[in-house]
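# Descriptive analysis of the structure
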Amino acid sequence: MHRDPQLTEAKTNATLMARRRAALPAGLGQTYEVFADHAEGAEIWDVEGRRYIDFAGGIAVLNTGHRHPKIVEAVKAQLDKVHHTCFQVLAYEPYVELAERLIAKAPGHFAKKAFFLSTGAEAVENAIKIARAATQRQAVIAFGGGFHGRTLLGMALTGKVAPYKAGFGPFPAEIYHAEYPNPLHGISVADALRSVEHIFKYDVEPQRVAAIILEPVQGEGGFYVAPREFAQALRTLCDQHGIVLIADEVQTGAGRTGTWLACEQWGVAPDLITMAKSMAGGFPLSAVIGKAEIMDKPLPGGLGGTYAGNPLACAAALAVLDVFEEDNLLERSRAVGERLTAGLRALAQQHPEIQDVRGLGAMVAIELFDSGDHSKPAAELTKRMCAEALKRGLVLLSCGVYANVIRILVPLTASDALLDEGLAIMGESLKAAKG
């Protein structure tokens, strides 16, 4: 039997990167030239045996940690029963049970329904489909700095050109962008609300707007938190004009912000909620949850997908819900957030480049500026700091419209000792990055 020598040679990060470059397109980015071999909790080991503390969590997918034993056990048990039928052909109970449990956790004193898909972008697209079917309108308002996926509609909704939208147009029509509250960069709640009114005056009348969609905390945009009064004002505006309010909880959901859903902290309920990422502990699953009278508007066959709500992913998501209850992970999320925030504020006292420490629950970030000057976002310093952290065994992620934000999405199961070790590495890495 002939085997390619490349497949039998010693596996190192370098040899695997060479194979990757030869086989995969350049547009498929990779933050670090590292290949994971195995992982446990909040730690990863690469193919060369090197250990890393995971402050990235697979981009907000691993709130319950790598390979949580209860999730692994649930998936193995489901695999021994059935692993695919296509729910629209032959149904299975875990799908229905998961919908019931998520409905019970969603805010709002009204009847709700839910269904499942595979990715966050699919959930967002289907939420827009539902809003358009319910209102018989076309226009949608999203926000600058927002991220809603890499599909054409997801990119159209996303309020960040590079790298997500550059070169991929034209995009679906009738998508408009308002400003998102961001006091650090001079945008108040009043400014943001005024920008929505400007869209009504300059671009599209409110009677043609189907939905307003926002992230309770912008993910890729920089971990800016939507103030409670902003969400409440949008709720009033939507009620006034018959517009569907959509909370995109793909990154914030599943306990990251200290509540199961970040919008629970608004004091008002959105009409539709999208979820994905951590809801199934690393298995591909997303959801749309919302007001029953709105969810029922699409005709039979208008929603769904071949792999949508896969039995293995549903079993994993049910286990995630159990783990959150049994291990008190919402309380742990708040404790992790407090510990990270305190550590990062102490770091900011030593480094004036850190001009903001912010977040909600365990969704925490720092924003860096050269010489502490808010007119000089420190994108290069941020990049160097992440690179230095990797050398020291810590995986960090940058984000933000100006690429000067470092976000922390560590598994909520991480011990205090591991959090402190990661924070210490962040301090060392920033010092090294400054030279």
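Residues numbered from 1 in each chain as written. Predicted model: local features only at pLDDT ≥ 70, side-chain atom pairs only at ≥ 80, totals over all residues. Heavy atoms only, no water.

The protein carries the name 4-aminobutyrate aminotransferase/(S)-3-amino-2-methylpropionate transaminase in an unreviewed UniProt entry, which gives Tepidicella xavieri as its organism. UniProt, in the comment section headed Cofactor (unreviewed entry), describes the protein in these words: "pyridoxal 5'-phosphate". Entered under Sequence similarities (unreviewed entry) in the UniProt record, the comment concerning the protein runs "Belongs to the class-III pyridoxal-phosphate-dependent aminotransferase family." (UniProt positions renumbered as here; feature names shortened; annotations may be inferred.)

What follows deals with the domain arrangement of the protein. What the domain assignment reports for the protein is domain 1 (5-61 + 328-434) and domain 2 (71-327). For domain 1 versus domain 2, the distance between C-alpha centres works out to 26 Å. Taken together, the contact pairs 31 residues of domain 1 with 31 residues of domain 2. In total, domain 1 and domain 2 occlude about 2700 Å² of area from one another, counting both sides; carbon and sulfur atoms represent 61% of this. Taken as a group, Val 61, Leu 360 and Met 363 account for 26% of the area that domain 1 buries against domain 2, more than any other trio of residues on that side. On inspection of domain 1 and its partner domain 2, the count reaches one salt bridge. On the surface where domain 1 and domain 2 come into contact, there are 22 residue pairs in polar contact (both at pLDDT 80 or more). Those elements giving two or more residues to the side of domain 1 that touches domain 2 turn out to be helix H3 (57-60), helix H12 (329-350), strand S11 (354-360), strand S12 (363-368) and strand S15 (405-408). Partitioned by chemical class, the residues of the side of domain 1 that touches domain 2 number 20 nonpolar, six polar and five charged. (Domains from an automatic or database assignment. Contact = heavy atoms within 4.5 Å. Buried area = accessible area lost by both parts, 1.4 Å probe. Salt bridge = Lys/Arg side-chain N within 4 Å of Asp/Glu carboxyl O. Polar contact = N/O pair within 3.5 Å; in protein donor to acceptor, adjacent residues only side chain to side chain. Helix = DSSP H or I, 4+ residues; strand = E, 2+ residues; numbered from the N terminus. Nonpolar A, V, L, I, M, F, W, Y, C, P; charged D, E, K, R; others polar.)

What follows concerns the pairing of strand S1 (residues 36-40). Bridge analysis of S1 against strand S2 (residues 43-46) gives four bridges, and the strand direction is antiparallel. Looking at the pairing, Glu 40 lines up with Glu 43 of S2. (Pairing = 2+ DSSP bridges.)

Of all the five residues making up strand S8 (residues 244-248), five are buried; the element is thus mostly covered by neighbouring parts of the structure. Of the two faces of S8, both are covered, the one formed by Val 244, Ile 246 and Asp 248 as well as the one formed by Leu 245 and Ala 247. One ladder, built from four bridges, connects strand S7 (residues 209-214) with S8; its direction is parallel. Looking across to S8, one finds that Ala 211 is bridged to Val 244. Crossover S7 to S8 through helix H9 (residues 228-241) is right-handed. Relative to strand S9 (residues 272-275), S8 runs parallel, the two being bridged by three bridges. Of the residues in S9, the one forming a bridge with Asp 248 is Thr 274. (Buried < 20%, exposed > 50% of the residue type's maximum accessible area, 1.4 Å probe, protein only. Right-handed = clockwise from strand over helix to strand, strands pointing away.)

This part covers the packing of aromatic side chains. Applying the stated rule across the entire model yields nine aromatic pairs. Each ring, one from Phe 87 and one from Tyr 95, has its centre 3.7 Å from the other, and the planes form 10°; the classification is stacked. For Tyr 95, a relative accessible area of 8% corresponds to the buried category. Relative to Tyr 180, the ring of Phe 143 lies with its centre 6.1 Å away and its plane at 80°, an arrangement referred to as edge-to-face. Residue Phe 143 is located in strand S5 (residues 139-143), and its partner Tyr 180 is located in the loop between strand S6 (175-178) and helix H8 (189-202); the two are separated by 37 residues in the primary sequence. One exposure class covers both Phe 143 and Tyr 180, and it is buried. Pairwise contacts between aromatic rings join Phe 87, Tyr 92, Tyr 95 and Phe 116 into one cluster. The ring centre of Phe 171 lies 5.5 Å from the NZ or CZ of Lys 165, which sits over that ring. The ring of Phe 110 has Lys 291 sitting right over it, with the charged end atom 4.7 Å from the ring centre. (Phe/Tyr/Trp six-rings, centres within 6.5 Å; stacked < 30°, edge-to-face > 60°. Lys NZ or Arg CZ within 6 Å of the ring centre and 35° of its normal.)

Our focus in this paragraph is the layout of surface pockets. Computed from the structure, the second largest pocket encloses a volume of approximately 250 Å³. Lining of the second largest pocket is provided by 13 residues; of these, Lys 113, Phe 115, Met 295, Asp 296 and Leu 303 occupy positions nearest its centre. Secondary structure elements with two or more residues in the lining of the second largest pocket: helix H5 (93-105) and strand S4 (112-117). At three residues, the largest contribution of residues to the lining of the second largest pocket is made by S4. Looking at the lining of the second largest pocket, its residues break down into nine nonpolar, two polar and two charged. (1 Å grid on protein atoms, 1.4 Å probe; cavity = no way out; pocket = protein on both sides within 12 Å on 5 of 7 lines; lining within 4 Å. Points joined across faces, edges and corners; volume = space filled by probe spheres on them.)

With that settled, consider the pattern of salt bridges. Scanning the entire structure with this criterion turns up 25 salt bridges. A salt bridge links Lys 291 to Asp 271, with the shortest nitrogen-to-oxygen separation between them at 3.2 Å. On the criterion of sequence distance, the pair formed by Lys 291 in strand S10 (residues 286-291) and Asp 271 in the loop between S8 and S9 is long-range, its members being 20 residues apart. Exposure remark for Asp 271: the relative accessible area of 4% places this residue in the buried category. By sharing partners, the salt bridges in this structure join Glu 97, Arg 101, Asp 322 and Glu 325 into a single network.

Attention now moves to unusual backbone geometry. In this model, Ala 162 is joined to Pro 163 through a cis peptide bond whose omega is 5°. Relative to the elements of secondary structure, Pro 163 occurs in the loop between helix H7 (152-157) and S6. Here Gly 169 and Pro 170 are connected by a cis peptide whose omega angle stands at 0°. Looking at where Pro 170 falls in the secondary structure, it is placed in the loop between H7 and S6. Phi angles above zero are rare outside glycine, and Ala 60 is one such case at about 70°. Mapping Ala 60 onto the fold places it in helix H3. Residue classification places Ala 60 among the buried residues on the basis of a relative accessible area of 1%. Here the phi dihedral of Asn 328 falls at roughly 50°; this positive angle occurs in a residue that is not glycine. Mapped onto the secondary structure, Asn 328 falls in the loop between helix H11 (311-326) and H12. Exposure remark for Asn 328: the relative accessible area of 46% places this residue in the partly exposed category.

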